[in-house]
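Understanding the architecture of this molecule
The primary structure of each chain is shown beneath.
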Amino acid sequence: MIAQRRGRLLPYAITAIIVFLWLSRDYGSNLLDDVSGHYEAPVRPQFEPGVVDDPDYFWRRLPTVHPVDEMRALPTGRPKALPRIQARIFPKESAAERATRLERQAAVKKTFLRSWDSYKRFAWAHDELTPLTGSSKDPFGGWGATLVDSLDTLLIMGLDAEYAAAARAAGQIDCSRTELGTVNVFETTIRYLGGFLAAYDLSGDQGMLRKAREVGDMLYVAFDTPNRMPIPRWDPAAARKVTPQQAPEHALIAEIGSLCMEFTRLSLITGDPKWFDATERIREALEDQQDSTMLPGMWPISVQPKYLRFNIDNTFGLGAMADSVFEYLPKMTALLGGLIPCYETMYKNAMATALKHTLFRPMTPDNADIRIAGTVHAETRGGKVVHELESAGQHLVCFAGGMLTLGGKLFEETEHLIAGQKLTEGCIWTYNATQSGIMPETFSMVACSNPEDCTWDETDWHRGVLKAAHESTADLFKAEDIVRESALPTGFTKVNDARYILRPEAIESVFVLYRATARRDLLDTAWRMFEAIETHTETAMGNAAMSDVTMRDGTIGLHDSMESFWLGETLKYFYLIFSDPSLISLDEFVFNTEAHPFRRLLR
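Residues numbered from 1 in each chain as written. Predicted model: local features only at pLDDT ≥ 70, side-chain atom pairs only at ≥ 80, totals over all residues. Heavy atoms only, no water.

An unreviewed UniProt entry annotates the protein chain as alpha-1,2-Mannosidase originating from Microdochium bolleyi. According to the UniProt record, the Cofactor (unreviewed entry) comment for the protein chain reads "Ca(2+)". You can read under Pathway (unreviewed entry) in the UniProt record for the protein chain the words "Protein modification; protein glycosylation." (UniProt positions renumbered as here; feature names shortened; annotations may be inferred.)

1. What to know about the state of the cysteines
In this structure the tally under the stated criterion is two disulfides. Residue Cys398 pairs covalently with Cys427 via a disulfide, S to S 2.0 Å. Of note, the bridge from Cys398 to Cys427 carries an S-S torsion of about -110 degrees and is left-handed in sense. Of this pair, Cys398 sits in the loop between strand S14 (392-394) and helix H15 (399-410) while Cys427 sits in helix H16 (residues 414-433), and the two are 29 residues apart along the sequence. Grouping residues by exposure puts Cys398 and Cys427 together as buried. Across a sulfur-sulfur distance of 1.7 Å, Cys448 and Cys454 are joined as a disulfide pair. Given the relative accessible area of 14%, Cys448 is considered buried. (Disulfide = S-S within 2.5 Å. Helix = DSSP H or I, 4+ residues; strand = E, 2+ residues; numbered from the N terminus. Buried < 20%, exposed > 50% of the residue type's maximum accessible area, 1.4 Å probe, protein only.)

2. Description of empty space enclosed by the protein
In total, this model carries eight cavities of 30 Å³ or more according to the counting rule given. Approximately 120 Å³ is the volume attributed to the second largest cavity. Lining the second largest cavity are 16 residues, and of these Lys331, Leu406, Glu508, Val512 and Phe591 lie nearest its centre. Elements with a contribution of two residues or more to the lining of the second largest cavity: helix H13 (323-335), H15, helix H19 (505-517) and strand S21 (589-591). Top element by residues in the lining of the second largest cavity is H15. It accounts for four residues. In terms of residue class, the lining of the second largest cavity is built from 11 nonpolar, one polar and four charged. (1 Å grid on protein atoms, 1.4 Å probe; cavity = no way out; pocket = protein on both sides within 12 Å on 5 of 7 lines; lining within 4 Å. Points joined across faces, edges and corners; volume = space filled by probe spheres on them. Nonpolar A, V, L, I, M, F, W, Y, C, P; charged D, E, K, R; others polar.)

3. Notes on the UniProt feature "binding site: Ca(2+)" (unreviewed entry) in the protein chain
According to UniProt, the "binding site: Ca(2+)" (unreviewed entry) feature falls on Thr593. Relative to the helices and strands, Thr593 is located in the loop between S21 and strand S22 (597-599). By relative accessible area, which is 15% here, Thr593 ends up buried. Excluding its chain neighbours within four sequence positions, the residues that come into contact with Thr593 are Phe186, Ile190, Ser324, Glu327, Tyr328 and Glu569. A distance of 2.8 Å separates the side chain of Thr593 from the side chain of Glu327, its partner in a polar contact. (Contact = heavy atoms within 4.5 Å. Polar contact = N/O pair within 3.5 Å; in protein donor to acceptor, adjacent residues only side chain to side chain.)

4. Here's the deal with the pairing of strand S15 (residues 442-445)
Judged from the three bridges that link them, S14 and S15 form a sheet pairing that is antiparallel. The residue bridging Gly393 from the neighbouring strand is Phe443, located in S15. (Pairing = 2+ DSSP bridges.)

5. A look at the pairing of strand S12 (residues 375-381)
One ladder, built from three bridges, connects strand S9 (residues 315-317) with S12; its direction is antiparallel. By the bridge assignment for S12, Gly317 is matched with Thr375. Where S12 and strand S13 (residues 384-390) come together, seven bridges link them in antiparallel fashion. Opposite Arg381, over in S13, you have Lys384 as the bridge partner. In this structure, the hairpin formed by S12 and S13 is closed by a connection of two residues, where Gly382 is found at a positive phi of approximately 60 degrees.

6. Details of helix H8 (residues 206-221)
End to end, H8 covers 23 Å across 16 residues, agreeing with the expected 22 Å (1.5 Å per residue, within 8%). Counted residue by residue, H8 has 16 buried out of 16 residues, so it is predominantly covered. (Expected span 1.5 Å × (residues − 1).)

7. Remarks on the sheet that holds strand S16 (residues 492-497)
Read across the sheet, three strands follow the order S14-S15-S16 without closing on themselves; strand pairing throughout is antiparallel. Looking at the sheet topology across the chains shown, the edges are occupied by S14 and S16. Recorded for the sheet is a direction-independent mean angle of 25 degrees between the axes of neighbouring strands. Note that S15 and S16 share three bridges and pair antiparallel. (Axes fitted to C-alpha atoms, helices over the stretch in contact; angles between N-to-C directions.)

8. Focus on the pattern of salt bridges
Inspection of every chain in the model, using the stated rule, returns 40 salt bridges. Linking Arg503 and Glu441 is a salt bridge whose minimum nitrogen-to-oxygen distance equals 2.9 Å. Separated by 62 residues along the polypeptide, Arg503 in the loop between S16 and H19 and Glu441 in the loop between H16 and S15 bring together distant segments of the chain. Summarising the burial analysis for this pair, Arg503 and Glu441 share the class buried. The salt bridge involving Asp497 is made with Arg499; its shortest N-O contact spans 2.9 Å. (Salt bridge = Lys/Arg side-chain N within 4 Å of Asp/Glu carboxyl O.)

9. Section: the sheet that holds S13
Backbone-to-backbone hydrogen bonds pair the strands of a sheet. The strands run either parallel or antiparallel. Strand order in the open sheet formed by three strands is S9-S12-S13, with antiparallel pairing between adjacent strands. Here the strands that pair on one side only, and so sit at the sheet edges, are S9 and S13. On average, each strand axis in the sheet is tilted by 30 degrees relative to the strand beside it, whichever way the strands run.

10. Some words on unusual backbone geometry
The backbone phi angle of Ala125 is positive, close to 70 degrees, even though this residue is not glycine. Within the secondary structure, Ala125 sits in the loop between helix H3 (95-122) and strand S3 (128-130). Taking relative accessible area as the criterion, Ala125 reaches 36% and is therefore assigned partly exposed. Positive phi, close to 55 degrees, is recorded for Glu412, a residue that is not glycine.

11. Examining the packing of aromatic side chains
Each aromatic ring pair is described using two quantities: the centre-to-centre distance and the angle formed by the ring planes. In the structure shown here, the tally under the stated rule is 20 aromatic pairs. A centroid spacing of 6.1 Å and a plane angle of 10 degrees characterise the contact between Phe112 and Trp116, whose relative ring orientation is stacked. Placement of both Phe112 and Trp116 in helix H3 is noted, with a separation of four residues, approximately one turn of the helix. When sorted by exposure, Phe112 lands in the same class as Trp116, which is buried. Between the aromatic rings of Trp429 and Phe492, the centroid separation amounts to 6.3 Å while the plane-to-plane angle is 15 degrees, which identifies the pairing as stacked. Within this pair, whereas Trp429 is found in helix H16, its partner Phe492 is found in strand S16, the two being separated by 63 residues in sequence. For Trp429, a relative accessible area of 12% gives the class buried. (Phe/Tyr/Trp six-rings, centres within 6.5 Å; stacked < 30°, edge-to-face > 60°.)

Below, the structure is given as structure tokens:
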């Protein structure tokens, strides 16, 4: 399934495939445990040679206005033997348990195929299917975001014929042009570059590697600024004309600091350090300024790339607009086999602050010992910096449970493992609390002043409801009216955004926690989540986003939207949790923030 390419490159492609197969011959063999609790994996080269390259590709030939002064070199040396992430032993299944698991896996695959078949019929090569009207949308460059996001899911589900057709279509994508005025560099990186890289890592398909390089070459032009900081909302048409570019005065930290996994993996595969250099410069700036923010250890949501200032804003959190910059710290350690120790240090510093300041225990009617990740607002009062926690949660921040579980395993941090479990349990609790069985996009709850002594008090809850509604906290009868009229689940003080947009973050952390702990109850948890989502979002042509998980008017309401991450992330995680744990082992792969698995550097 190799895409068409110039005839003069064919001998190199054949050689590359032979080399790849030889290097991969021992893949999937059992890991050998040593007495220290670490593992030794089969020896692999650090770089995989044989790249299908096209030096005449448009974005390669574009002249560079601001060349790199000194290229950062890729890390060298033998990767470290990191602690394992997956549980050593998974409980043996009875015949009935295995049958149930496989039935559930088949149900997830059936749902995927319904959405995929409709995408092929109504939106082929477009970014998204509209699952109510059977049309298409192109918010991500118009290069087939769902097509590329689904490549590795097709491989994981064993849909080889579907993958072959999708790979052929993906090979025809022309990233040199777009109908959009600007392109989101972050979204393009995680969906397209990540999708092509994962398809290559799972299949060895050189056509996918070529497409990854094409996307990488295009994205690299967004870094052609005086200080080599990227332009998050980038104008390709202006860049084609070699119009002078500069990084913006303001940007979101996630859009600047969450490109390193994809860029580094591309450099590792090709041996070309330019992509690694591009994001290593960002990492150096983040490291330099990590302890100089208003919440030392964490970077604020808003930053100033033009001035290389990542420490001036006053809002902090693990959620939207900042999430993946923290997520990628332990994942880069895994990807690189610990060859850049700074990532571990930066992660530990960030989490020491996050665990202390951003997590809260919500007051719940069952006194559940769970955690939610909130948002911190900092301000200077009387010459001192004061921090105020906003006890609001987000579906998106559910990724943090998996991040802390992974980091806790990699760095043997028990506190992180406990926090990761409690955060994941918090998302599970929130799913179970709503009438639909699905967590809302954003919500608020009452934070317990003492996490160790958190007993349900209905009066305190009602006061929280009134406060969230900006009403007098003395009128408790008014609180009952608000609860009834807003269909608030018990314990919630407000549902700020009642939508469910087919997000993956909750099942992502349930999946990671299951692989790390082998807790069988999490399989039933995942199935309840899947059933609720399928029940309320299924359409004849796929699955659609919900407008109200609280079912305030007795209905859920559907939006004509099915983002590419439904097939690229959500259903992938549901499928994998019901698969044998050896399928995409977390000890051999690490997922980018779009759930695309990259091969780790292993001993």
